[in-house]
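# Structural overview
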Amino acid sequence: MGDYARQLQRFNVGEDCPVFDGLFDFCQIYASGSIGGAVRLNEGKADIVINWAGGLHHAKKSEASGFCYVNDCVLAILELLKVHQRVLYIDIDIHHGDGVEEAFYASDRVMTCSLHKFGEYFPGTGDVKDRGVGPGLNHAVNVPLQDGMDDDSYRAVFRPVIAKIMERFQPGAVVLQCGADSLSGDRLGCFKLSIKGHADCVSFVRSFQLPTLVLGGGGYTLRNVPRCWAFETAVLLDTPLKDSLPFNDYLDYFGPDHRLHLPVSNMENQNSRRYLEDLTARVLAMLQAVQPAGQQIFTGQDATSQIPPSLSGLVSEPSGTGKAALDSEEGER
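An account of the accompanying structure is given in this report. Once a new chain begins, its residue numbering starts again from 1 and follows that chain's sequence as written. The predicted nature of this model means local features are confined to residues of pLDDT at least 70 and side-chain atom pairs, given and counted, to a pLDDT of 80 or more, with totals for whole chains, interfaces and linings taken over all residues. Computation of side-chain values: all heavy atoms of the structure, hydrogens and water removed.

Here we come to the overall build of the chain. The secondary structure listing takes helices from DSSP runs of H or I that are at least 4 residues long and strands from runs of E that are at least 2 residues long, numbered from the N terminus. When you go through the chain residue by residue, the secondary structure sums to nine helices and six strands. Counting across all 333 residues of the chain, residues that qualify as buried make up 47%. The contact criterion used throughout is that any non-hydrogen atoms of two residues lie within 4.5 Å. Pairs at least 24 apart in sequence give 75% of the contacts found in the chain among residues at least 6 apart. Here the chain has roughly 16800 Å² of accessible surface; of this, 52% comes from carbon and sulfur atoms. For every residue, the accessible area obtained with a 1.4 Å probe (protein chains only) is divided by the maximum for its type, and the residue is called buried under 20%, exposed over 50%, and partly exposed between those limits. Only the protein chains shown count as cover for residues, and all accessible areas are computed by the Shrake-Rupley method using a 1.4 Å probe.

Here the focus is the pairing of strand S3 (residues 110-117). Every other side chain in a regular strand lies on the same face of the sheet, so the side chains alternate between the two faces. For S3, a buried count of eight out of eight residues is recorded, marking the element as mostly surrounded by other parts of the structure. Two elements, strand S2 (residues 87-91) and S3, share five bridges in a ladder whose sense is parallel. Note that in S3 the partner of Asp91 across the bridge is Ser114. A crossover gets the label right-handed when its path from the first strand over the helix to the second runs clockwise, viewed with the strands pointing away from the viewer. Traced from S2 through helix H4 (residues 98-103) to S3, the parallel crossover comes out right-handed. Here, any two strands with at least 2 DSSP bridges between them count as paired. Pairing of S3 with strand S4 (residues 140-145), which is carried by six bridges, proceeds in the parallel orientation. Pairing of Ser114 across the sheet is with Asn142, part of S4.

The omega torsion across Phe122 and Pro123 is 0°, close enough to zero to call that bond cis. Relative to the elements of secondary structure, Pro123 occurs in the loop between S3 and S4. Between Gly255 and Pro256 the backbone carries a cis peptide bond, its omega angle lying at 5°. Inspection of the secondary structure puts Pro256 in the loop between helix H7 (224-236) and helix H8 (273-288). Residues other than glycine seldom take positive phi values, yet Asn12 does so here, at roughly 60°.

Here the focus is a nonpolar patch on the surface. Residues form patches when they are more than 30% accessible in relative terms and have no salt bridge. Like charges link within 9 Å. Nonpolar side chains (Val, Leu, Ile, Met, Phe, Trp, Tyr) link within 5 Å. Put simply, a salt bridge is a Lys or Arg side-chain nitrogen that is within 4 Å of an Asp or Glu carboxyl oxygen. On the surface, Leu222, Tyr250 and Tyr253 cluster together into a nonpolar patch covering about 410 Å² of accessible area. Along the chain, Leu222 turns up in the loop between strand S6 (212-215) and H7. Accessibility expressed as a relative area gives 65% for Leu222, which makes it exposed.

Further remarks concern the sheet that holds S6. The strands that make up a sheet pair up through hydrogen bonds in the backbone, lying either parallel or antiparallel. The six strands are arranged S1-S6-S5-S2-S3-S4 in an open sheet whose pairing can be described as parallel. Edge positions in the open sheet fall to strand S1 (48-51) and S4, since each of these has one partner strand only. Taking each pair of neighbouring strands and ignoring which way they run, the sheet shows an average axis angle of 10°. Only the stretch in contact is used when fitting a helix axis, every axis being a line fitted to C-alpha atoms; angles between N-to-C directions are given from 0 to 180 degrees. Its contacts with the sheet place helix H3 (residues 72-80) against S2, S3, strand S5 (173-177) and S6, and it is angled at close to 160° to S2.

Right, let's talk about the pattern of salt bridges for a bit. If you walk through the whole model with that rule in mind, you get 10 salt bridges. In this structure, Asp147 and Lys117 form a salt bridge, with 2.8 Å as the shortest nitrogen-oxygen distance. On the criterion of sequence distance, the pair formed by Asp147 in the loop between S4 and helix H5 (151-169) and Lys117 in strand S3 is long-range, its members being 30 residues apart. Judged by relative accessible area, Lys117 falls into the buried class, the value being 12%. Taken together, the shared-partner salt bridges connect Arg155, Arg159 and Asp200 into one network.

Right, here's the structure in full:
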């Protein structure tokens, strides 16, 4: 390890992103699960794909961060962009999805929406004023929240914001990061969402019937994470589950009640109704300025499309580019 100290420091590996045996295989497995899921959506082989091992949203292009080594969310979105003109990323982890936002901060083909604890809390980013730059202006949506966020408050913010994004941005596909550290009782979290409240976000996104990649993320109370993701799998499959857990080899982990749903804590909700209403109004006003879908999207270079061939005809082509220009060049030869 000492021989690689400079490399470890360069890529921020060693503290909150420790080195362990099988690290490369671990990254390969969870990242390929998300990429492979995106491929299945692109090929129309599934309408919803789940990868609970994915959702490692803090990793940057050249830097590990927050237990995240490779940002599978970004890789999956890049795969979806080969087919879909616009992709929406939604993050309900308690931590800001900074790595995904940073990757697409200047793009109008990807909108990122993160609802997270804001303040003296990792990673310290995600102010409502951070809206994107250049062509990506108003395509980075941040909803900063305070301790004690409960089901009703979360729903009152989440539903109108997502509905407005669907109206204005009109994505062709969705990536939903379902970090379970926003649940009540999480060892690192400070919200008090119930499993049903957390899953309500999944249900609402599902109701838009778009190709959706559902990913995992944070979650640091061992017995609550599988409860949450098992219930959300059932929600996505429209299959009801009993509250009493069936007998299995791991039943002792879920004692003493052995139930799927647990009571939430009695911590104070520090998000006042006035604060949430003002925050929601501010976000909705920003979204109103988003360029409606169907118009020419900016691709980073003048007089080029950089759109995969499968999107031919979905966007207007600048003069001198596309098939007509290629035919003209062939004629001149």
